[in-house]
Structure formats: C-alpha cells, structure tokens
Amino acid sequence: MARIDRDSKRTKEAIELLDQYLTVLKNEHDMYFLGIAKKPPDSKTQDLKRLLRDLEEARVLNTAMGFQIRRLRAKFNTYLTYWSRTIKQIEDGTYRK
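Small disclaimer: the values here were computed from a predicted structure and weren't measured. (Residues numbered from 1 in each chain as written. Predicted model: local features only at pLDDT ≥ 70, side-chain atom pairs only at ≥ 80, totals over all residues. Heavy atoms only, no water.)

**With respect to the pattern of salt bridges**
(1) Moving on: This model, assessed by the stated rule, comprises six salt bridges.
(2) Moving on: With its nearest N and O atoms 2.9 Å apart, the salt bridge here joins Glu56 to Arg73. Here Glu56 is found in helix α2 (residues 42-56), whereas its partner Arg73 is found in helix α3 (residues 63-92), with 17 residues between them in sequence.
(3) Moving on: In the salt-bridge network here, residues are joined through shared partners; they are Asp19, Arg71 and Lys75. (Salt bridge = Lys/Arg side-chain N within 4 Å of Asp/Glu carboxyl O. Helix = DSSP H or I, 4+ residues; strand = E, 2+ residues; numbered from the N terminus.)

In structure tokens:
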C-alpha cells in the first residue's frame, strides 16, 4: 500500500481495505485454531499493525474517518487479545474447539 496522506478519497479506500484485510486475517486465525492451517498468520498480523499505524499517523481531519480508524484499531486490539488468549490455551492444552 502506498503512503497514506490526507486525501479523503485515498483515506476512505485505505479504511475499507484495512477492514477487509482484518476480516481475512480473522478467518485465517480461525482456520489455524480449527487445525486447517498449520501455523498462525503472524507475518500478516504484523503487516496489519504497520498499515494501521500508518493510517493513524495520517492525521485525518474528517471526524467520521477518524472515528472509523479508531473503530478499526479497537476491533484489531480485541482480536489480538482473543488470538493471544487462544494461542496460550492451545499451548497449555486447554483449548476446546
């Protein structure tokens, strides 16, 4: 993804892309938890962290877009907490599908 700037059209597209990317990442983690995938998508998680940080640093002036960015951050943090807790349960042997 190119450098994100203040252009509202590009920012809106970036927000929509990140929302879709987060959904894909959630599905990949779910496949890992079900045993379909052999390893968690850690590199994609790091990519999403970087892209979200770039989007937050863009200093969006539109209040609605700023809210959407904060919503994405909150959603991502919630998923991170869930994923780390589930991975810990898998490692401890207490995870039930």
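Read on, since the account is not over.
**With respect to the environment of Ile15**
(1) Moving on: Inspection of the secondary structure assignment puts Ile15 in helix α1 (residues 8-34).
(2) Moving on: Classification of Ile15 by relative accessible area gives buried; the value is 4%.
(3) Moving on: Residues Ile15 and Leu55, spaced 40 residues apart in sequence, show a C-alpha to C-alpha distance of 8.0 Å. (Buried < 20%, exposed > 50% of the residue type's maximum accessible area, 1.4 Å probe, protein only.)

**Re the packing of α2 against α3**
(1) Moving on: Contact pair α2 / α3: the axes reach a minimum separation of 11 Å and the direction vectors enclose 155 degrees. It follows that α2 is roughly antiparallel to α3 by the angle criterion. Crossing angle aside, the handedness with which α2 passes α3 is left-handed. Contact with α2, carried on its side by Thr45, Leu48, Lys49, Leu52, Arg53, Leu55 and Glu56, involves Ile69, Leu72, Arg73, Phe76 and Leu80 of α3 and no other residues of that element. (Axes fitted to C-alpha atoms, helices over the stretch in contact; angles between N-to-C directions. Parallel < 35°, antiparallel > 145°, perpendicular 65-115°, else oblique. Left-handed = near helix turned anticlockwise from the far one by under 90°. Contact = heavy atoms within 4.5 Å.)

**A few points about the packing of α1 against α3**
(1) Moving on: The geometry of α1 relative to α3 is characterised by a closest axis approach of 11 Å and an angle of 15 degrees between their N-to-C directions. One element, α1, and the other, α3, form an angle in the roughly parallel class. Crossing geometry of α1 relative to α3 is assigned as left-handed.
(2) Moving on: Residue composition of the contact of α1 with α3, grouped by class: 15 nonpolar, five polar and five charged. (Nonpolar A, V, L, I, M, F, W, Y, C, P; charged D, E, K, R; others polar.)

**A short note on the nonpolar core**
(1) Moving on: Counting 17 residues, the largest nonpolar core has Leu18 and Phe76 as its most contacted members.
(2) Moving on: Counting only elements with at least two residues in this core, the list comes to α1, α2 and α3.
(3) Moving on: By residue number, the principal contributor to this core is α1, which donates seven residues.
(4) Moving on: Residues in contact with Leu18, not counting those within four places in the same chain, are Leu48, Leu51, Leu52, Leu55 and Leu72. (Core = buried A, V, L, I, M, F, W, Y, C linked by side-chain atoms within 4.5 Å.)

**Some thoughts on a nonpolar patch on the surface**
(1) Moving on: Taken together, the side chains of Met31, Leu34 and Ile36 present a nonpolar region at the surface, about 290 Å² in accessible area.
(2) Moving on: Note on placement: Met31 falls in helix α1. (Patch = residues over 30% accessible without salt bridge, like charges linked within 9 Å, V, L, I, M, F, W, Y side chains within 5 Å. Areas by Shrake-Rupley, 256 points an atom, 1.4 Å probe, with all protein chains shown as cover.)

**Side note on the environment of Leu34**
(1) Moving on: Along the chain, Leu34 falls in helix α1.
(2) Moving on: Classification of Leu34 by relative accessible area gives partly exposed; the value is 48%.
(3) Moving on: For Leu34 and Arg96, which are 62 residues apart along the polypeptide, the C-alpha to C-alpha distance reads 9.6 Å.

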